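Report on the structure
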Amino acid sequence: MRRTVFNEDHEAFRATIRAFIEAEVVPVHEEWFAAGQVPREFYYKLAELGVFGIRVDEEYGGAGIDSHKFEAVMYEETARAGVTFGGSGVHVLLGLPYIQMLATDEQKKRYLPKFVSGEEMWALAMTEPGTGSDLAGMKTTAKLSEDGTHYVLNGSKTFITGGVHADRVIVCARTSAPTAEDRRFGISLFAVDTTSEGYSIGRKLDKLGLRTSDTAELAFVDVKVPVEDLLGEENKGFYYLGQNLPSERWGIAYGAYAQAKAAVRFAQQYVQDRTVFGKTVASFQNTKFELAACQAEVDAAEAVADRALEALDAGELTAAEAASAKLFNTEVAHRVIDRCLQLHGGYGFMNEYPIARLYADNRVNRIYGGTSEVMKSIIAKAMGL
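Described in the following lines is the structure provided in the data block.

Reading the values: rules and limits
- Residues numbered from 1 in each chain as written.
- Predicted model: local features only at pLDDT ≥ 70, side-chain atom pairs only at ≥ 80, totals over all residues.
- Heavy atoms only, no water.
- Helix = DSSP H or I, 4+ residues; strand = E, 2+ residues; numbered from the N terminus.
- Rg over C-alpha atoms; globule rule 2.2 N^0.38 Å.
- Buried < 20%, exposed > 50% of the residue type's maximum accessible area, 1.4 Å probe, protein only.
- Contact = heavy atoms within 4.5 Å.
- Lys, Arg positive; Asp, Glu negative; His and termini not counted.
- Charge placed at Lys NZ, Arg CZ, Asp CG, Glu CD.
- Expected span 1.5 Å × (residues − 1).
- Bend = angle between axes of the 7 residues up to and from the residue.
- Polar contact = N/O pair within 3.5 Å; in protein donor to acceptor, adjacent residues only side chain to side chain.
- Axes fitted to C-alpha atoms, helices over the stretch in contact; angles between N-to-C directions.
- Parallel < 35°, antiparallel > 145°, perpendicular 65-115°, else oblique.
- Left-handed = near helix turned anticlockwise from the far one by under 90°.
- Nonpolar A, V, L, I, M, F, W, Y, C, P; charged D, E, K, R; others polar.
- Arc of directions from axis to C-beta.
- Pairing = 2+ DSSP bridges.
- Phe/Tyr/Trp six-rings, centres within 6.5 Å; stacked < 30°, edge-to-face > 60°.
- Lys NZ or Arg CZ within 6 Å of the ring centre and 35° of its normal.

A tally of regular secondary structure across the protein chain gives 11 helices and 10 strands. Relative to the globule expectation of 21 Å for 385 residues, the C-alpha radius of gyration of the protein chain, 21 Å, shows essentially globular dimensions. A principal-axis box enclosing the C-alpha atoms of the protein chain has dimensions of 80 × 50 × 40 Å. When burial is assessed residue by residue, the protein chain has 52% of its 385 residues classed as buried. Taking contacts inside the protein chain between residues at least 6 apart in sequence as the whole, the part at least 24 apart equals 75%. On the protein chain, the mean spot of the 41 positive side-chain charges and the mean spot of the 53 negative ones are 6 Å from each other.

Next up, the structure:
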């Protein structure tokens, strides 16, 4: 089916990214996989391509393009090549919206040029041990000093993607106790400098998938955060988080679609090359039917992904629509990738084949950014149930 979501500029960008991946990523991706993270220097290469500044205003060194379509192209191209860019997606998809929405002019002047250049990589720290999706239950605190010049941050976070390489982390912390009427009240957001005294990185977590992204535990012991690094107003953090969740969930939905599309490509290539019983695997009716069914699901996921992308760019993507897109596309990707791995037989279980890594990478899509169960709750609520 003909797509209308991309234009010539997007396709030119696609060609640039595809060539970059072939030259700079594919030859060393095995090393990144073994190390469990990308080299910090790699982010400077992405910055040189202009990847970090596409949606940043020109006055701060960006391109000033108010669209997520270039990010969508990157999702498709990294999945197509069976590679990942580490924590760079968090930097752009999760870090940038909070700066753009909440930062003062003074903060933007301090943050954004270094954001665009890759000098400061950003991450987002919400989840805590034992709280999971219950963000209102967080225990990390930030208490204003007596002289009012800084906050004192204490607590811990876990599952923080980009946490090892991050230079700034948006930390969610309690500045006030919750009220009887609203347990979500009292959370604030801080742009924390990771070189601050008392800030420490715990374990780099050993994950099932997404092996090249640095995911870590963070700890804060009497970390002094200048009041100038408070993002937005005190106690409104939960509201701010809710404002940006639709774009985060769109990113997961789009990435899942791209992974499913790549899985079909990998499987189609494999079954056409692999011979059993004197015939190619592709010649068996079961193979044809399986891949045809997978392609039909990918076509549907693509339509959902593109529709959500257009709504996001128009500023019209609702929480329920984002939840629906995430739920549908992550479930489709789960089914498609599993069936495509099955067509690889025993080789599908080997990490040297991209389908194996894709299978592991994909599993978290139904967990992070809100579990599938949480997505169903959001959709049901929007239905009046």
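Following the structure, the description resumes.
Compared with an ideal rise of 1.5 Å per residue, which puts 15 residues at 21 Å, helix 5 (residues 88–102) spans 21 Å between its outermost C-alpha atoms and is within 8% of the ideal. Approximately 35° is the largest bend angle found in helix 5, and it occurs at glycine 95, with the proline proline 97 only one to four residues beyond. When you tally the buried positions in helix 5, you get 12 out of 15 residues, the bulk of the element. Every buried residue belonging to helix 5 is among Ser88, Val90, His91, Val92, Leu93, Leu94, Gly95, Leu96, Pro97, Tyr98, Ile99 and Leu102, and all of these are buried.

Turning our attention to unusual backbone geometry. With a phi angle near 60°, phenylalanine 159 is a residue other than glycine that sits in the positive phi range. The topology assignment puts phenylalanine 159 in strand 3 (residues 150–161).

Now for the side chain of threonine 140. Mapped onto the elements, threonine 140 comes out in the loop between strand 1 (122–125) and strand 2 (141–144). Relative accessible area serves as the criterion here: at 1%, threonine 140 is assigned to the buried category. A distance of 3.3 Å separates the side chain of threonine 140 from the backbone nitrogen of serine 156, its partner in a polar contact. Not counting residues within four places of it along the chain, the set of residues in contact with threonine 140 comprises Glu128, Leu153, Asn154, Gly155, Ser156, Lys157, Cys172, Ala173, Arg174 and Phe220.

Across the interface, helix 7 (residues 237–273) lies against helix 8 (residues 285–313) with an axial gap of 9 Å and an inter-helix angle of 155°. With respect to helix 8, the element helix 7 is oriented roughly antiparallel. Relative to helix 8, helix 7 is oriented so that their crossing is left-handed. Contact residues: helix 7 offers Ser247, Trp250, Tyr254, Tyr257, Ala260, Lys261, Val264, Ala267, Gln268 and Val271, while helix 8 offers Thr287, Leu291, Cys294, Gln295, Val298, Ala301, Glu302, Ala305, Asp306, Ala308, Leu309 and Leu312. For the contact of helix 7 with helix 8, the residue count by class is 15 nonpolar, 4 polar and 3 charged.

What follows is about helix 1 (residues 8–25). Helix length check: helix 1 (18 residues) gives 25 Å between terminal C-alpha atoms against 26 Å at 1.5 Å per residue, within 8%. Within the span of helix 1, buried status applies to His10, Phe13, Arg14, Ile17, Phe20, Ile21 and Val25. Seen from one end, helix 1 has its buried residues packed into an arc of 130°, which puts them on one side. Along helix 1, the residues that are exposed and aim more than 90 degrees away from the buried face are Glu8 and Ala23. Those residues of helix 1 that are buried are in contact with helix 2 (29–35), helix 3 (42–49) and helix 4 (69–81).

Time to look at the pairing of strand 3. Pairing of strand 2 with strand 3 involves 4 bridges; the strand directions are antiparallel. Residue threonine 141 lies in a different strand from strand 3, and its bridge partner there is asparagine 154. Where strand 2 folds back on strand 3, the antiparallel hairpin that results is connected by 5 residues, among which glycine 148 adopts a positive phi of roughly 70°. By the bridge criterion, 9 bridges tie strand 3 to strand 7 (residues 215–226) in an arrangement that is antiparallel. Residue tyrosine 151 lies in a different strand from strand 7, and its bridge partner there is valine 225.

Turning our attention to the environment of threonine 371. Mapped onto the elements, threonine 371 comes out in the loop between helix 10 (354–362) and helix 11 (372–382). Under the relative-accessibility criterion, threonine 371 is labelled buried at 19%.

Now for the packing of aromatic side chains. Per the counting criterion, the structure on display carries 16 aromatic pairs. Relative to tyrosine 353, the ring of tyrosine 270 lies with its centre 6.1 Å away and its plane at 85°, an arrangement referred to as edge-to-face. Of this pair, tyrosine 270 sits in helix 7 while tyrosine 353 sits in the loop between helix 9 (319–343) and helix 10, and the two are 83 residues apart along the sequence. Residue classification places tyrosine 270 among the buried positions, given a relative accessible area of 11%. With relative accessibility at 24%, the residue tyrosine 353 sits in the partly exposed group. Feature note: the residues Phe20, Trp32, Phe42, Tyr43 and Phe85 constitute an aromatic cluster, connected by ring pairs. Across from the ring centre of phenylalanine 284, 4.6 Å away, lies the NZ or CZ of lysine 279, which sits over that ring.

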